[in-house]
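Structural description and commentary
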Amino acid sequence: MNRISGEIVDAAIAVHRELGPGLLESAYEACLLRELMSRGLAVSSQVEVPITYGGEIIEGGFRLDLLVEELVIVELKCVDHILPVHHAQLLSYLKLSKRPLGLLINFNVKLLKDGITRLAN
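These lines cover the structure that appears in this document, whether it is placed above or below.

Conventions adopted
- Position numbers for residues start from 1 in each chain and track the written sequence from start to end.
- Residue-level local features of this predicted model are given only where pLDDT is at least 70; pairs of side-chain atoms are given and counted only at 80 or more, and the full residue set underlies all totals for whole chains, interfaces and linings.
- Side-chain descriptors were evaluated using all non-hydrogen atoms of the structure, hydrogens and water having been removed beforehand.
- Helix numbering and strand numbering both begin at the N terminus, where a helix is a DSSP run of H or I of at least 4 residues and a strand a DSSP run of E of at least 2.
- The atom set for the radius of gyration is the C-alpha atoms, and the globule formula is 2.2 Å times the number of residues raised to the power 0.38.
- Here's how the labels work: a residue is buried when its accessible area is under 20% of the maximum for its type, exposed when over 50%, partly exposed in between, all with a 1.4 Å probe on protein chains only.
- By the convention used here, residues are in contact when the closest approach between their heavy atoms is within 4.5 Å.
- Residue-level accessible areas treat just the shown protein chains as cover; the underlying method is Shrake-Rupley with a 1.4 Å probe.
- Charge counting treats Lys and Arg as positive and Asp and Glu as negative, with His and both chain ends excluded.
- In this description, the location of a charge corresponds to atom NZ of lysine, CZ of arginine, CG of aspartate or CD of glutamate.
- Any N or O atom pair separated by 3.5 Å or less is treated as a polar contact, with the protein-specific requirement of one donor-capable and one acceptor-capable atom, and with residues adjacent in sequence counted only for side-chain atom pairs.
- What a helix should span is 1.5 Å times the count of its residues minus one.

1. Examining the overall build of the protein
Of regular secondary structure, the protein possesses three helices and five strands. Start at the N end of the protein and walk to the C end: the helices and strands fall as α-α-β-β-β-α-β-β. For the protein, whose C-alpha radius of gyration is 14 Å, the value lies close to the compact-globule estimate of 14 Å for 121 residues. Overall, the C-alpha framework of the protein stretches about 45 × 30 × 25 Å when taken along its three principal axes. Going through the 121 residues of the protein one by one, you find that 37% of them count as buried. Pairs at least 24 residues apart make up 54% of the contacts formed inside the protein by residues separated by at least 6 positions. Summing over all exposed atoms, the protein offers an accessible surface of approximately 6,800 Å²; the carbon and sulfur share of this is 54%. Within the protein, one finds 12 positive and 15 negative side-chain charges whose respective centroids are separated by 5 Å.

2. Re the side chain of Lys77
Checked against the element boundaries, Lys77 lands in strand S3 (residues 72-77). Classification of Lys77 by relative accessible area gives buried; the value is 10%. A polar contact is formed between the side chain of Lys77 and the side chain of Glu75, at a distance of 3.2 Å. The residues touching Lys77, leaving out its near neighbours within four places in the chain, are Glu25, Ile82, His86, Gln89, Leu104, Ile105, Asn106, Phe107 and Asn108.

3. Digging into unusual backbone geometry
Most of the time, phi is negative for any residue but glycine, and the peptide bond is trans. Its identity is not glycine, yet Gln46 carries a phi of approximately 50°, on the positive side. Here Gln46 lies in strand S1 (residues 43-53). Overall, the relative accessible area of 32% leaves Gln46 in the partly exposed class. Phi is positive for Lys98, close to 60°, though the residue is something other than glycine. Residue placement: Lys98 occurs in the loop between helix H3 (84-97) and strand S4 (101-106).

4. Remarks on helix H1 (residues 2-19)
Here H1 is 18 residues long and its end C-alpha atoms lie 26 Å apart, about the 26 Å a rise of 1.5 Å per residue gives. Buried-residue contacts for H1 involve helix H2 (25-38), strand S2 (56-68), S3, S4 and strand S5 (116-120). In the segment just after H1, Gly20 is the residue with positive phi, at about 70°.

Okay, here's the thing in structure tokens:
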């Protein structure tokens, strides 16, 4: 898992170096998806995860921005500041999808290393 998360961070830095801050989240998502795939990683975007509520499965519960190797959730942001609600969002995604690791990446920073948070379930 450390190898995978390291590869994701490396790929995100490559995307940020080329594009810089200030674009829409969807642009970074598309480019990061391509970069990760070019590195041979299995990655899916906008993965729908249903929610179980009252014993019933509710479709369309939420969508993961990226899911890498079926293990690591990557939640992308393009905001001035990461807020506690962004951490809570990723922690909820980890819990509900039963995934062990998540990366919260904010592309709207001067240096991408300052915009990366790693959270474990």
